[in-house]
Amino acid sequence: MLGAGFLLFATHVGNLETPADPSPADAIIVLTGGSARVETGVELLKAGKGQRLLISGVNPMARVEDLRRATGGDRELFACCVDIDHAALDTIGNAEESARWVTEHAFASVILVTNNYHMPRSLMEMRRYLGELNLQPYPVVTGRLNGAEWLRQPTALRVLFTEYLKLIGSFARGFVSAGAIRAHLATISDAMPE
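Note that this is a predicted model, so its numbers are computed, not measured. (Residues numbered from 1 in each chain as written. Predicted model: local features only at pLDDT ≥ 70, side-chain atom pairs only at ≥ 80, totals over all residues. Heavy atoms only, no water.)

Engineer: What am I meant to see in the overall build of the protein chain here?
Structural biologist: Secondary structure summary: the protein chain contains 7 helices and 5 strands in total. Ordered by position from N to C terminus, the α and β elements of the protein chain give α-β-α-β-α-α-β-α-β-α-β-α. Evaluated residue by residue, the protein chain yields a buried proportion of 46% over its 194 residues. When contacts within the protein chain are restricted to residue pairs at least 6 apart in sequence, long-range pairs at least 24 apart make up 78% of them. In the structure as shown, the protein chain presents an accessible area of about 10,000 Å², 58% of it carried by carbon and sulfur atoms. (Helix = DSSP H or I, 4+ residues; strand = E, 2+ residues; numbered from the N terminus. Buried < 20%, exposed > 50% of the residue type's maximum accessible area, 1.4 Å probe, protein only. Contact = heavy atoms within 4.5 Å. Areas by Shrake-Rupley, 256 points an atom, 1.4 Å probe, with all protein chains shown as cover.)

Engineer: How should I be thinking about the environment of glycine 93 in this particular structure?
Structural biologist: Secondary-structure assignment places glycine 93 in helix α5 (residues 91–105). Distance in space between the C-alpha atoms of glycine 93 and glycine 57 is 7.8 Å, their sequence separation being 36 residues.

Engineer: How should α5 be read in this particular structure?
Structural biologist: In an α-helix, one turn spans 3.6 residues, which is why side chains three or four residues apart end up on the same side. The terminal C-alpha atoms of α5, which comprises 15 residues, lie 21 Å apart, in line with the 21 Å expected from a rise of 1.5 Å per residue. Among all positions in α5, only Thr91, Gly93, Asn94, Ala95, Glu97, Ser98, Ala99, Trp101 and Val102 are buried. At the N-terminal boundary of α5, the capping side chain belongs to aspartate 90, with an oxygen 3.3 Å from the backbone nitrogen of isoleucine 92. Downstream of α5 by one or two residues, alanine 106 has phi in the positive range, about 55°. (Expected span 1.5 Å × (residues − 1). Polar contact = N/O pair within 3.5 Å; in protein donor to acceptor, adjacent residues only side chain to side chain.)

Engineer: Whenever I open this one, the pairing of strand β4 (residues 109–115) confuses me. Can you help?
Structural biologist: Two faces belong to every sheet, and in a regular strand the side chains alternate between them. β4 sits mainly inside the fold: 7 of its 7 residues count as buried. One ladder, built from 4 bridges, connects strand β1 (residues 27–31) with β4; its direction is parallel. Bridging from a neighbouring strand, isoleucine 28 pairs with isoleucine 111 of β4. Following the chain from β4 across helix α6 (residues 119–130) to the adjacent parallel strand β5 (residues 134–140), one finds a crossover that is right-handed. (Pairing = 2+ DSSP bridges. Right-handed = clockwise from strand over helix to strand, strands pointing away.)

Engineer: I tried to follow unusual backbone geometry on my own but got confused; where do I start?
Structural biologist: The bulk of non-glycine residues show a negative phi, and the bulk of peptide bonds are trans. Its identity is not glycine, yet alanine 106 carries a phi of approximately 55°, on the positive side. Relative to the helices and strands, alanine 106 is located in the loop between α5 and β4. In this structure alanine 106 comes out as exposed when scored by relative accessible area, which is 65%.

Listed below in structure tokens is the structure:
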């Protein structure tokens, strides 16, 4: 079962494509950690696909100005519309901090930007914390993995298998902690000013 599940996961991830023209949303959330994620989020913001951008999981040493320079982003755009989260250390933390940010700004729809291999687990964690929010996946594809090309690439195979194991862990955690997450979300909502 583990092997069959991995084949299904790898095939699904390998066939994900970056949307050509996503529908606009209230906001954009980028999860750091993979190549081209932040640049993609900034491009979506520039294109008017969201009103604000959260870059979640940023190294505590990095400043907004560092990210702006690294992406070649416009100074005014970053000053008005880009927020960074230094608190998140993993995908669960990304989801927690994103939920806090979404609640604070009362957003109803979000474009989620992360790499294709990371998208299934990211969506699972985000949906736990964001509930019924309209969440549009925007997978960043940096290397083609369709047609089982990942079988011929040891690095891709390792990344996919590691991510698959994390996805299984995330799935199992959902059964154990569903009540705790709901209580945490209620706390966040109660803490927000009316």
